[in-house]
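# Structural overview for review
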Amino acid sequence: MDFELPEELRLLKENIRRFVDRELIPLEREVVNDIKLQKALPNRLRDKVEALGLWLFDVPEEFGGAGLGMLAKVMVWSEISRTTALPARYIEIFGPPVSPILYTLEGEARENYLMAVIRGEKKSCFAQTEADAGSDPAAMRTMAVRDGDHYVINGVKRFITNADEADFAQVFAVTDPEKRARGGITGFLVDMNTPGVKVTASYDLMIDDKPCEIVFDNVRVPVGNRIGKEGEGFKQAQSWINSGRIRHGARSLGVIERCMELAIPYAKQRKTFGAYLAERQSVQWPLIDMYMDAHKLRLMLYHAAWRFDRGEDCREDAFMVKIFGDERSFWAADRCMAIHGGIGLSKELPIERFFRDQRSMMITEGPIEILKMTLARHVLRTYG
Ligand SMILES: Cc1cc2nc3c(=O)[nH]c(=O)nc-3n(C[C@H](O)[C@H](O)[C@H](O)COP(=O)(O)OP(=O)(O)OC[C@H]3O[C@@H](n4cnc5c(N)ncnc54)[C@H](O)[C@@H]3O)c2cc1C
């Protein structure tokens, strides 16, 4: 067994770390209050990102991207998550975010939707969740009924990120109510300017994301805009979810590492009752736990990514990195805040952002309680 990272991955990791330290961390305080600067970052950093070879790093080579493997992506995601200068989700400095489902498109749809997104001409959103179908998406009520060479879609989607900016939505709807998750849900590409599509509300959250509600009222969608075959939607929506969960784990690793980088120097210079915080056992122990958590998460992550790159089934590995990573990074942010005392709550420091973002990560892309429920089935089966 070889625990050494290959040379090219070690260099990639070092280069991104340097980029984050030099270009992003110094901007954190400014970015908090300056929307213009946030929006300008992708253009401002484009040359540097290209010089690093990271432009479109997660887009496959056949579509013009750098086509990094999962292990390499883990290096990028974990390093860039050490900073709050970038949004926690939908990071645009490496090129437009591309929903992996779009890679399954063929023919005209590939050009009009996938390639248009990659070229930055169109934005998309992913519309699966509904008011009564969040953790349990198979309970969705939005219906798509075939009518000649069209489908007619009716329903309401909720919590859809970027719906207000999107040119089109990847909408999941029931095409066979008897089958539902087992072949009764289908994905569609719906242009947001189609008659009957309306963004009706948005939710102000404790994080930067402002997801919206979309109403579909007798929306006619050409059959050519169906994603894959009828009934494949649920499988498609789940198929990219492993990589999303590995991304969560990688983000968590970056957050835990940064919490240590913040908490340790602070504890070494802050004196109370005549002694440095770093000398107190109650401060040392959470730091040790963060250190061990980072090590455990790194091993789990690299293993999950390695299996992913070999084309092995890494579903349970992906569950573990998301559950462990989301929980322990939130805990690290909480302890980092405790060590800093009152100043830990300040927007001058990135800690409160990590605290809010990591709490939200436990809910999105599969709430950890649901992941635990599914992982429990595997554990009970395996050790039964
Ligand atoms: C910021 C943000 C962005 C989002 N973006 C998108 C998007 O772009 N597209 C999209 O389709 N969706 C999106 N979502 C929706 C997200 O995926 C759902 O919020 C999530 O799946 C949880 O669904 P829910 O909110 O309806 O919670 P519910 O399903 O009502 O669950 C509530 C709580 O109960 C727990 N729970 C539920 N069932 C069980 C069970 N069986 N056992 C134990 N505990 C259980 C859950 O863990 C959860 O904590 C977004 C949500 C947020 C907050």
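Now for a description of the structure that goes with this document. (Residues numbered from 1 in each chain as written. Predicted model: local features only at pLDDT ≥ 70, side-chain atom pairs only at ≥ 80, totals over all residues. Heavy atoms only, no water.)

## Here's the deal with the pattern of salt bridges
- Tallying each qualifying case throughout the model produces 36 salt bridges.
- Between glutamate 7 and arginine 10 there is a salt bridge, with its nearest N and O atoms 2.7 Å apart. Separated by three residues within a single helix, glutamate 7 and arginine 10 lie in helix H1 (residues 7-24), roughly one turn from each other.
- Residue classification places arginine 10 among the partly exposed positions, given a relative accessible area of 32%.
- Across the pair arginine 119 and glutamate 121 runs a salt bridge, and its minimum N-O distance is 2.8 Å.
- Since its relative accessible area comes to 43%, arginine 119 is described here as partly exposed.
- Put simply, Lys13, Arg17, Asp21, Glu79, Arg82, Glu257, Glu261 and Arg298 are held in one network by salt bridges that share partners. (Salt bridge = Lys/Arg side-chain N within 4 Å of Asp/Glu carboxyl O. Helix = DSSP H or I, 4+ residues; strand = E, 2+ residues; numbered from the N terminus. Buried < 20%, exposed > 50% of the residue type's maximum accessible area, 1.4 Å probe, protein only.)

## Quick look at the site of the ligand
- Taken together, 17 residues surround the ligand, and among them Phe126, Thr129, Ser135, Phe159 and Glu369 come closest.
- Serine 135 has a polar side-chain atom sitting 2.6 Å from an oxygen atom of the ligand.
- Expressed as a share of its isolated accessible area of 970 Å², the protein-covered part of the ligand is 66%.
- Sorting the residues of the shell around the ligand by element identifies strand E3 (150-160) and helix H11 (368-382) as the ones contributing at least two each.
- Counting residues per element, the shell around the ligand draws most heavily on H11, which supplies three residues.
- Grouping the amino acids of the shell around the ligand by side-chain chemistry returns nine nonpolar, six polar and two charged. (Near = heavy atom within 4 Å. Polar contact = N/O pair within 3.5 Å; in protein donor to acceptor, adjacent residues only side chain to side chain. Areas by Shrake-Rupley, 256 points an atom, 1.4 Å probe, with all protein chains shown as cover. Nonpolar A, V, L, I, M, F, W, Y, C, P; charged D, E, K, R; others polar.)

## As for the packing of helix H7 (residues 241-269) against helix H10 (residues 351-361)
- Between H7 and H10, the least distance of the axes is 11 Å, while the angle of their chain directions is 155°. Of the possible angle classes, the one that applies to H7 and H10 is roughly antiparallel. Crossing geometry of H7 relative to H10 is assigned as left-handed. Judged by residue contacts, His248, Arg251, Ser252, Val255, Arg258, Cys259 and Leu262 of H7 engage Ile351, Phe354, Asp357, Gln358 and Met361 from H10. (Axes fitted to C-alpha atoms, helices over the stretch in contact; angles between N-to-C directions. Parallel < 35°, antiparallel > 145°, perpendicular 65-115°, else oblique. Left-handed = near helix turned anticlockwise from the far one by under 90°. Contact = heavy atoms within 4.5 Å.)

## Quick look at the packing of aromatic side chains
- Inspection of every chain in the model, using the stated rule, returns eight aromatic pairs.
- Taken together, a centroid distance of 5.3 Å and an interplanar angle of 45° make the contact between phenylalanine 126 and phenylalanine 172 tilted. One end of the pair, phenylalanine 126, is in strand E1 (residues 124-127); the other, phenylalanine 172, is in strand E4 (residues 168-174), and 46 residues separate them in sequence.
- With a relative accessible area of 23%, phenylalanine 126 lands in the partly exposed category. (Phe/Tyr/Trp six-rings, centres within 6.5 Å; stacked < 30°, edge-to-face > 60°.)

## Quick word on the side chain of arginine 89
- When you line up the elements, arginine 89 lands in the loop between helix H4 (70-80) and helix H5 (107-118).
- Buried charge arginine 89 goes without a salt bridge, the closest partner of opposite sign being aspartate 209 at 4.3 Å.
- Within polar-contact distance, the side chain of arginine 89 engages the side chain of serine 360 at 3.2 Å.
- For arginine 89, the contacting residues outside a window of four places in its chain are Ile207, Asp209, Ser360, Met361 and Thr364. (Lys, Arg positive; Asp, Glu negative; His and termini not counted.)

## Here's the deal with the environment of histidine 150
- Among the structural elements, histidine 150 can be located in strand E3.
- C-alpha of histidine 150 to C-alpha of asparagine 225: the two residues are 75 residues apart in sequence and 9.0 Å apart in space.
- Contact partners of histidine 150, with chain neighbours within four places excluded, come to Val145, Arg220, Val221, Pro222 and Val223.
- Only 2.9 Å separates the side chain of histidine 150 from the side chain of aspartate 149, close enough to count as a polar contact.

## Looking at H1
- For H1, built from 18 residues, the straight-helix expectation of 26 Å at 1.5 Å per residue is met to within 8% by its first-to-last C-alpha distance of 25 Å.
- Restricting attention to buried positions, one finds in H1 the residues Leu9, Leu12, Lys13, Ile16, Phe19, Val20 and Leu24. Along the long axis of H1, the arc covered by the buried residues comes to 125°, so they all point the same way. (Expected span 1.5 Å × (residues − 1). Arc of directions from axis to C-beta.)

## Section: the nonpolar core
- Counting residues in hydrophobic clusters, the biggest one holds 59 residues, and the most contacted among them are Leu24, Ile93, Ile246 and Leu301.
- Counting residues per element, the ones that place at least two in this core are H1, helix H3 (35-51), H4, H7, helix H8 (281-309), helix H9 (315-340) and H10.
- Discounting chain neighbours no more than four positions away, the residues touching leucine 24 are Phe19, Leu41, Leu45, Thr83, Ala85, Leu86 and Ile93.
- In terms of nonpolar packing, the next biggest core, distinct from the first, is built from 26 residues, Val98, Ala133, Ile185 and Ile227 among them. (Core = buried A, V, L, I, M, F, W, Y, C linked by side-chain atoms within 4.5 Å.)

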